[in-house]
Protein chains: 2
Amino acid sequence: MGLQVAQIGEGALIAALGKIFGQGKNVKNQLFGIGDDGAVLAPSSLATVATMDLAVEDVHFKTDWSTAKQIGAKVAVANIADIYAMGGEPHFLLVGISLTGQEEVEWVLDLARGIADEAKKVGAQVIGGDTVRGEKITIAITALGNTSEPIYRSGAKVGDQLVISGLPGASAAGLALLKADKRELFPEIVNAHLQPSVDGKRAHALISAGATAMCDLSDGLLVDVTRISEASGVGIKINLDHLNLSSLTKAGTSLAVDPMSWVLTSGEEHLFIATLPASAALPEGVLRIGEVIHGLGVEVSGEFSDAQISEKNTWQHFEK
Amino acid sequence: MGLQVAQIGEGALIAALGKIFGQGKNVKNQLFGIGDDGAVLAPSSLATVATMDLAVEDVHFKTDWSTAKQIGAKVAVANIADIYAMGGEPHFLLVGISLTGQEEVEWVLDLARGIADEAKKVGAQVIGGDTVRGEKITIAITALGNTSEPIYRSGAKVGDQLVISGLPGASAAGLALLKADKRELFPEIVNAHLQPSVDGKRAHALISAGATAMCDLSDGLLVDVTRISEASGVGIKINLDHLNLSSLTKAGTSLAVDPMSWVLTSGEEHLFIATLPASAALPEGVLRIGEVIHGLGVEVSGEFSDAQISEKNTWQHFEK
């Protein structure tokens, strides 16, 4: 057992975190970072995009399933994806962590490394935050980015194609494998749950293709497409018959689950859902899964029962 | 017992919160707010100031001591004060809340009202955030503001006066009264702990007077002045002999505590500590408590023992 947070105290912890996150000098567009009341960012001629996500131990992650680096990476990615989903480029993260004090210092530093690594991958930097004591580990991340042209959920037009930047389902499948204690059977699928990745280049490609509306897949395909439908005041028809589910089929068989249910409801994988003009060519790897129609609401066709959809249609944070 | 959060679900809760915070249209400098992946803020020719603070139930607040509105107000003020302390004007807040789901909906909406009220007082607005489930209530707030000229902790110069925007101590005294179950004796002092206020005009006055360094009183006078000393590479001499402690004396007597110990260590009251040029006239209500000298470290003189200082000198979040 290494040193615990309570043994080294807050000052030493913040100093160690500051080294991992960088001290914030000589950073693009940043005048001053960690170590004052707030971070100061240079003026920008672009609009700012600001998002916040919270992750709570035993609700959003379990320390016996995930490494500290995976947990940090997962929360960072959730935020970074929101910036891309608005048509923005992520630049800065603020990180708030509540700790019991009994954590090993190395565990906390690995958590910070997971956040810092994901930030670095996209050219962003941690510039501030807060450390406090609490009974459960909670991580709050605010991401700040810039955009010259924001993409909202509300821009979908009748006739647009509905597309997604990859096959969803792996996060839910990975969680199901973990719950069934079968993580060793399909390590790649489990990893997609424990440490989802975000592909900013795909977001850029969707914007270049003329995306009229966009969001990331946070709460499941049905929920997130419904949000685009509601925000844009249009109907959306989803057809999943042509999806190739082979990467999920074996895991589905091993758990006696229809993999299509994962496709419909899996969240937290941060693929991008967008609507594109009918004439737009699909960027590489992007799948067409439907179209925007007159009316309201989301219709789904494909090989699965209506009951399956309505049951899984909503994802409630506060359900027990 | 009213409706609980788990009974109305996340969608209805977010809709109700959206009404309290305002839907974010027609807000100064804000293109889009609550309801998308992120908020979008119009470009600004000024630097941005960004801060984050976390508050955890039973560590930073107790629901049997404070009303929901007081709790919301307290966390909002802590953030807003950080923006002022950097020489900025607060404009936007992102609010992340973890809830058990068992809270009454009205309690949560009152929490939001407390945040919204403090934001409104300073001309700021809640533009986004996150709601999640957790075992304890945790509130994370990110404040964003603008500044034409940031004031850092690192600018104190030898010969400067050390000043503070009011008499510190009430927050610690209020907490001591609550712990001793004597809240009814000194309700105003207790209120200073439960719902501290922030006076942006005093921050402005200090900046106009030429503040060379500034911070807010978050962790106690000795801790916060030490941070200015370290960041600026100067010594600071504090002399508290001339302070009029009469507002704290009766409470001190009733608890058999030297009120000077509250003055030295009370945090979370968000007064402003600044260094001003020797020639600067003190703004109204501002107290001179020392001067910047050659050397390093903080010396304190006044009627109290050295032991008292060294014991209280550091405030450790992770100490048990």
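Residues numbered from 1 in each chain as written. Chains lettered and ligands numbered in written order. Predicted model: local features only at pLDDT ≥ 70, side-chain atom pairs only at ≥ 80, totals over all residues. Heavy atoms only, no water.

Chemist: Describe the overall build of chain A, naming the residues involved and giving the relevant values.
Modeler: Helix and strand counts for chain A come out as 10 helices and 12 strands. Counting every position in chain A, which comprises 320 residues, the buried fraction comes to 58%. Look at the contacts in chain A between residues 6 or more apart in sequence, and 85% of them connect residues 24 or more apart. Summing over all exposed atoms, chain A offers an accessible surface of approximately 12700 Å²; the carbon and sulfur share of this is 50%. Positive and negative side-chain charges of chain A, numbering 24 and 38 respectively, have mean locations separated by a distance of 3 Å. (Helix = DSSP H or I, 4+ residues; strand = E, 2+ residues; numbered from the N terminus. Buried < 20%, exposed > 50% of the residue type's maximum accessible area, 1.4 Å probe, protein only. Contact = heavy atoms within 4.5 Å. Areas by Shrake-Rupley, 256 points an atom, 1.4 Å probe, with all protein chains shown as cover. Lys, Arg positive; Asp, Glu negative; His and termini not counted. Charge placed at Lys NZ, Arg CZ, Asp CG, Glu CD.)

Chemist: I'd like to hear about the pattern of salt bridges, residue by residue, with values.
Modeler: Under the defined criterion, the tally for this structure stands at 22 salt bridges over all chains. We note a salt bridge from Lys69 of chain A to Asp117 of chain A, for which the minimum N-O separation is 3.4 Å. Here Asp117 of chain A lies in helix α3 (residues 105-121) and Lys69 of chain A lies in helix α2 (residues 68-85), a separation of 48 residues in the sequence. Among the salt bridges present, the one from Glu135 of chain B reaches Lys136 of chain A, with a minimum N-O distance of 3.5 Å. Residue Glu135 of chain B is found in the loop between β5 (125-133) and β6 (138-147), and its partner Lys136 of chain A is found in the loop between β5 (125-133) and β6 (138-147); the two belong to separate chains. The exposed category is assigned to Glu135 of chain B, whose relative accessible area is 56%. Through salt bridges that share partners, Asp36 and Asp37 of chain A together with Arg153 of chain B make up one connected network. (Salt bridge = Lys/Arg side-chain N within 4 Å of Asp/Glu carboxyl O.)

Chemist: Hey, could you go over the domain arrangement of chain A for me, with residue numbers and the actual values?
Modeler: All names here are of chain A. By domain assignment, chain A separates into domain 1 (5-147) and domain 2 (153-312). Summarising the inter-unit geometry, the C-alpha centres of domain 1 and domain 2 are found 27 Å apart. At the junction of the two partners, domain 1 supplies 17 residues and domain 2 supplies 22 residues. When domain 1 packs against domain 2, close to 1600 Å² is buried across both sides, 60% of that on carbon and sulfur atoms. A per-residue breakdown of the area domain 1 buries against domain 2 is headed by Trp65, Lys74 and Tyr84, which together make up 41% of the total. The interface formed by domain 1 and domain 2 holds one salt bridge in total. The salt bridge partner of Glu268 is Lys74, with a shortest N-O separation of 3.3 Å. (Domains from an automatic or database assignment. Buried area = accessible area lost by both parts, 1.4 Å probe.)

Chemist: Can you explain the packing of aromatic side chains? Please cite residues and give values.
Modeler: All names here are of chain A. Following the criterion strictly, the structure yields two aromatic pairs over all chains and no others. Their ring planes at 85° and their centres at 6.4 Å tell us that Tyr84 and Phe272 sit as a pair that is edge-to-face. On the criterion of sequence distance, the pair formed by Tyr84 in helix α2 and Phe272 in strand β10 (residues 272-276) is long-range, its members being 188 residues apart. Each of the two residues, Tyr84 as well as Phe272, counts as buried. One cation-aromatic arrangement involves Lys62 over Trp65; the distance from NZ or CZ to the ring centre is 5.6 Å. (Phe/Tyr/Trp six-rings, centres within 6.5 Å; stacked < 30°, edge-to-face > 60°. Lys NZ or Arg CZ within 6 Å of the ring centre and 35° of its normal.)

Chemist: So what's going on with the relation of the copies chain B and chain A? Which residues, and what values?
Modeler: Between chain B and chain A, the superposition needs a rotation of 180° and an axial shift of 0.0 Å, giving an RMSD of 0.0 Å. This pairing of chains is accounted for by a two-fold axis. (Least-squares fit on C-alpha atoms with pLDDT ≥ 70 in both.)

Chemist: If you had to explain the side chain of Thr51 of chain A to someone new, which residues and values would you point to?
Modeler: By secondary structure assignment, the location of Thr51 of chain A is in strand β3 (residues 47-56). When sequence neighbours within four positions are dropped, the list of residues in contact with Thr51 of chain A reads Asn79, Asp82, Ile83, Ile141, Thr142 and Ala143 of chain A together with Asp37, Gly38 and Leu94 of chain B.

Chemist: Lay out the environment of Met52 of chain A in plain terms, naming residues and giving numbers.
Modeler: Mapped onto the secondary structure, Met52 of chain A falls in strand β3. Expressed as a C-alpha distance, the spacing of Met52 of chain A and Ala143 of chain A, which sit 91 residues apart in the sequence, is 6.4 Å. Sequence-distant contacts of Met52 of chain A, that is, excluding residues within four places in its chain, are made with Asn79, Ile141 and Thr142 of chain A together with Met52, Leu94, Val95, Gly96, Gly129, Asp130, Ala140, Ile141 and Thr142 of chain B.

Chemist: Any details on the interface of chain B and chain A? Residues and values, ideally.
Modeler: Taken together, the contacts link 68 residues of chain B with 68 residues of chain A. When the two sides are added together, the surface that chain B and chain A hide from each other amounts to roughly 5400 Å², 60% of it contributed by carbon and sulfur. Run the count over chain B and chain A and you get 14 residue pairs in polar contact (both at pLDDT 80 or more). Among the elements that make up the side of chain B that touches chain A, the one with the highest residue count is strand β3 (residues 47-56) of chain B (nine residues). Across the side of chain B that touches chain A, the residue classes tally to 34 nonpolar, 21 polar and 13 charged. As defined by bridge partners, β3 of chain A adjoins strand β2 (residues 39-41) of chain B across three bridges and the pair is classed as antiparallel. Paired with Thr48 of chain A across the bridge in β2 of chain B is Leu41 of chain B. (Polar contact = N/O pair within 3.5 Å; in protein donor to acceptor, adjacent residues only side chain to side chain. Nonpolar A, V, L, I, M, F, W, Y, C, P; charged D, E, K, R; others polar. Pairing = 2+ DSSP bridges.)

Chemist: Describe the packing of helix α4 (residues 170-179) of chain A against helix α8 (residues 246-255) of chain A, naming the residues involved and giving the relevant values.
Modeler: Residue and element names in this part refer to chain A. For the pair α4 and α8, the least separation of the axes is 11 Å and the interaxial angle reads 35°. Seen from above, α4 lies across α8 with left-handed handedness. Judged by residue contacts, Ala170, Ala173, Ala176 and Leu177 of α4 engage Leu248, Ala251, Ser254 and Leu255 from α8. Here the residues of the contact of α4 with α8 are counted per class, giving seven nonpolar, one polar and no charged. (Axes fitted to C-alpha atoms, helices over the stretch in contact; angles between N-to-C directions. Left-handed = near helix turned anticlockwise from the far one by under 90°.)

Chemist: Pulling in residues and values, what's your account of helix α1 (residues 5-21) of chain B?
Modeler: All names here are of chain B. Over its 17 residues, α1 runs only 18 Å from end to end, short of the ideal 24 Å by more than 12%, given 1.5 Å per residue. The largest bend in α1 comes to about 70°, at Gly11. Residue Gly22 follows α1 closely and has a positive phi angle near 85°. (Expected span 1.5 Å × (residues − 1). Bend = angle between axes of the 7 residues up to and from the residue.)

Chemist: Help me get a handle on the sheet that holds strand β7 (residues 161-164) of chain A, residues and values and all.
Modeler: Residues and elements named next belong to chain A. The strand order β8-β10-β7-β11-β9-β12 describes an open sheet built from six strands, whose pairing is mixed. On the outer flanks of this sheet lie β8 (213-216) and β12 (297-301), each paired with one strand and no other. On average, each strand axis in the sheet is tilted by 20° relative to the strand beside it, whichever way the strands run. In the sheet, β8 pairs with β10 via four bridges, with the strands oriented antiparallel. Looking at β10, one finds that Ala213 is bridged to Thr275.

Chemist: I'd like a rundown of empty space enclosed by the protein, residues and numbers included.
Modeler: Per the counting criterion, the structure on display carries two cavities of 30 Å³ or more. Put simply, the largest cavity is a space of about 270 Å³. Counting residues per element, the ones that place at least two in the lining of the largest cavity are β6 of chain A together with β4 (89-99) and β6 of chain B. Empty space within the second largest cavity amounts to approximately 50 Å³. Lining the second largest cavity are Val56, Ser98, Glu135, Lys136 and Thr138 of chain A together with Val56, Ser98, Gly134, Glu135, Lys136 and Thr138 of chain B. (1 Å grid on protein atoms, 1.4 Å probe; cavity = no way out; pocket = protein on both sides within 12 Å on 5 of 7 lines; lining within 4 Å. Points joined across faces, edges and corners; volume = space filled by probe spheres on them.)

Chemist: Run through the pairing of β6 of chain A, naming residues and quoting values.
Modeler: Residue and element names in this part refer to chain A. Where burial is concerned, most of β6 is hidden: 10 out of the 10 residues are buried. Of the two faces of β6, both are covered, the one formed by Thr138, Ala140, Thr142, Leu144 and Asn146 as well as the one formed by Ile139, Ile141, Ala143, Gly145 and Thr147. Here β3 runs beside β6; their pairing, made up of 10 bridges, is antiparallel. Its bridge partner being in β6, Thr51 is matched across the sheet by Ala143. Pairing of strand β4 (residues 89-99) with β6, which is carried by nine bridges, proceeds in the antiparallel orientation. If you follow Glu89 over to β6, its bridge partner there is Asn146.

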